[in-house]
Amino acid sequence: MPARIIRGLITTAAVTFAFGASAQDVKHYRFAYDQPKTTGYGIVGDIFADKLKELSKGTMLIDQYPGAQLGQEPQVLQLVKSGDVEFSISSSANAATLSPQAGVMSMHFLFRSEAHLVKALADPEVSKAVKAMIAETVQGTHVIALSTLGLRDMYSKREIRKIEDMKGLKVRVQATPTEDTMFPAYGAQIVHMPFGSVYTSLQTGVVDVAENGVNVYLANKHYEVAPVLSMTEHEANNSLIWVSDKLWNSLTPEQQGWVQTAADEVNQKQPARAIELEHQSQAKLKSIGVKVVTDVDKSGFLAIADPYLDKLAKDLGPHAEKIKNLIRAIN
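In short, a report on the structure. What you are looking at is a predicted structure, and each value in this text was computed from that prediction instead of being measured.

Relative to strand S2 (residues 60-65), strand S1 (residues 27-32) is paired through six bridges, and the arrangement is parallel. Residue pairing across strands places Phe 31 opposite Gln 64, the latter belonging to S2. This β-α-β element, S1 to helix H2 (residues 40-55) to S2, shows right-handed connectivity.

Take a look at the structure:
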């Protein structure tokens, strides 16, 4: 989206925000994310908005800006840091552009199953450790909650049933040290690009494979250009919810409490609802003729990935190592 349009949207929202505040003491806050509202990001936005409205008795209202209306995630993170946007969601991979240790949340096969993922993200100690990592390494914004879009799978025009099927394929990956290490280890070539370019790149053959959550694949219609979904479940599609320090520091202690309580509600409720949405999305994809490969042999992937868990976490830093150990210890 052109910068001029983004600035116009933000200016318009700012005018609305200022007018609402002065007119009725009801304040509106921008909550930006790059996926459609029909995804797990919309679940985050709705849980947070509803709880904050309830706690504040209607004086703090969330206006959601889905579908990258205010920019892609790295761009929006900068807007949150500067205080031009109050709240946002980013993938843990994009969070790693601000805090490289956040890459721990997207390490391959760190999460053993969907049930393990839900339990780990709802664990207060895991949430506390991630917040501490961001607080120590990022200025201008901080994290108030974790969420997920489930586990990530690979999609292409071909089946990926075993690790040998990856050899030589061009895979669009998120730009993190984890992805840049793991996919070449599987025998693939990596390609970095913004999420918004994935559809066309799959269509034209710039990449052979992309990987994401099932609902993201459905909601963005990537099945139209990559009609085979292989359930590799190689990593979690985790997200962080951010608040601008400029906003946070302007709130009263009571208002800060409302915001954090609403965020805690996200942390506890959203993961299970996101997994439910993944299952519904897979059923929908099958019903419209998408080939879903459920019997992927993960043994080759696991044999390569497992030794990297300790090494990558240690290389990322002490916060990453602590988070990895907390997650692995959850049964």
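Inspection of the entire model under this criterion finds ten aromatic pairs. Centroid distance Phe 31 to Phe 48: 5.6 Å. Interplanar angle 50°. Geometry classified as tilted. You can see Phe 31 sitting in strand S1 and its partner Phe 48 sitting in helix H2, a full 17 residues away along the chain. Classification of Phe 31 as buried rests on a relative accessible area of 0%. Here the aromatic rings of Phe 183 and Tyr 186 are separated by 5.9 Å at their centres, their planes lie at 85°, and the arrangement is edge-to-face.

Bringing the pairing of strand S4 (residues 141-156) into the picture now. Two faces, one strand: in a regular strand the side chains alternate between the faces of the sheet. Counting buried positions over the 16 residues of S4 gives 16, a clear majority of the element. Looking at chain direction, S4 and strand S8 (residues 228-244) are connected through twelve bridges and run antiparallel. Across the sheet, the residue bridging to Thr 141 is Ser 244, located in S8. Relative to strand S7 (residues 209-212), S4 is paired through four bridges, and the arrangement is antiparallel. Note that in S7 the partner of Tyr 155 across the bridge is Ala 210.

Counting residues in hydrophobic clusters, the biggest one holds 58 residues, and the most contacted among them are Met 105, Phe 111, Met 166, Tyr 186, Trp 242 and Phe 301. Counting residues per element, this core draws most heavily on helix H12 (residues 299-316), which supplies six residues. Other than its neighbours up to four places away in sequence, Phe 301 contacts Phe 109, Met 154, Ile 160, Lys 162, Ile 163, Met 166, Tyr 186 and Val 296. Residues Val 44, Leu 149, Ala 226 and Ala 263 belong to the second largest nonpolar core, which totals 48 residues.

The rules we used
Residues numbered from 1 in each chain as written. Predicted model: local features only at pLDDT ≥ 70, side-chain atom pairs only at ≥ 80, totals over all residues. Heavy atoms only, no water. Pairing = 2+ DSSP bridges. Helix = DSSP H or I, 4+ residues; strand = E, 2+ residues; numbered from the N terminus. Right-handed = clockwise from strand over helix to strand, strands pointing away. Phe/Tyr/Trp six-rings, centres within 6.5 Å; stacked < 30°, edge-to-face > 60°. Buried < 20%, exposed > 50% of the residue type's maximum accessible area, 1.4 Å probe, protein only. Core = buried A, V, L, I, M, F, W, Y, C linked by side-chain atoms within 4.5 Å. Contact = heavy atoms within 4.5 Å.

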